[in-house]
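Residue-level structure breakdown
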Amino acid sequence: MKISGTDALLVIDPQNDFCEGGSLAVADGAGIMPLINRLAERFDRVILTQDWHTPDQISFASNHPGTAPFTEIEVAYGRQMLWPEHCLQGSPGADFHPDVAPTMQKALAVIRKGYNPAVDSYSGFFENDHRTPTGLAGLLRDLGVTRVFLAGLAFDYCVRFTAEDAVRQGFEAVVIADASRAIAPQTETAARDSFRALGVAEIKAAALMG
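Parameters and conventions
Residues numbered from 1 in each chain as written. Predicted model: local features only at pLDDT ≥ 70, side-chain atom pairs only at ≥ 80, totals over all residues. Heavy atoms only, no water. UniProt positions renumbered as here; feature names shortened; annotations may be inferred. Helix = DSSP H or I, 4+ residues; strand = E, 2+ residues; numbered from the N terminus. Polar contact = N/O pair within 3.5 Å; in protein donor to acceptor, adjacent residues only side chain to side chain. Contact = heavy atoms within 4.5 Å. Buried < 20%, exposed > 50% of the residue type's maximum accessible area, 1.4 Å probe, protein only.

With an unreviewed UniProt entry as reference, the chain is termed nicotinamidase, source organism Brevundimonas intermedia. Database annotation for the chain, UniProt heading Sequence similarities (unreviewed entry): "Belongs to the isochorismatase family." If you open the UniProt record of the chain and go to Pathway (unreviewed entry), you find "Cofactor biosynthesis; nicotinate biosynthesis; nicotinate from nicotinamide: step 1/1."

Structural data, given as structure tokens:
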């Protein structure tokens, strides 16, 4: 697969709290960082997303006494999974993983999301109310991007919802499966089912390395 001047690489949440030792670690999260760096070398346009939460974030189980993490609750905008506290603004856990430093240096922009305490944000395009934009779509259009490639953490949440919204916003979306990691097998399967339904492509990084 050939990378063109209208392509962009979206690197989703390559942050310490989603890697080994973090408060919401994804298995082998840090292991994808060298591959992401190699991919970033091939793109002219690289954009990162960054979870950026306040302590009173609605999605933190600690803000719902008696409710355990990984429980779903009903909130004003629909169903919301509750998580351990993670990616607090200015904390080491919110920092980008050190192994992804070359990609950070190349990035044209960082889209911060989830900073509204009343609404979580998985997608790089919209908060979880599916109405409040982050500005990513406008940035991509201003850059002349028509196709986005996605990698990062986690495959079954923030990568998934960003890819889905990319298609809904009129972009072609391609998920680089081996440059992403999932939280759980069942949600990974659900993500793949959704990708097939929406026309989101999945590839391996090797398809871009030729």
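1. Some thoughts on the side chain of His64
Following the sequence through the fold, His64 ends up in the loop between strand 2 (46-51) and strand 3 (72-75). Within the structure, the side chain of His64 is placed 2.7 Å from the backbone oxygen of Ile58, a separation counted as a polar contact. The residues touching His64, leaving out its near neighbours within four places in the chain, are Ile58, Ile73 and Leu82.

2. Concerning the environment of Leu208
With respect to the helices, strands and loops of the structure, Leu208 is situated in the segment after strand 8 (201-203). Assessed through its relative accessible area of 3%, Leu208 is described here as buried. Sequence separation of Leu208 and Ala182 is 26 residues, and the distance between their C-alpha atoms is 21 Å. In this structure Leu208 touches Met1, Ile3, Leu39, Arg42, Phe43, Phe149, Ile176 and Ile203, once residues within four positions along its chain are discounted.

3. Considerations on the environment of Asn63
Counting through the fold element by element, Asn63 comes out in the loop between strand 2 and strand 3. Asn63 sits in the partly exposed class, given a relative accessible area of 32%. Sequence separation of Asn63 and His130 is 67 residues, and the distance between their C-alpha atoms is 22 Å. Beyond its immediate sequence surroundings of up to four residues, Asn63 is in contact with Pro55, Asp56 and Gln57. At 3.0 Å, the side chain of Asn63 and the backbone oxygen of Pro55 are in polar contact.

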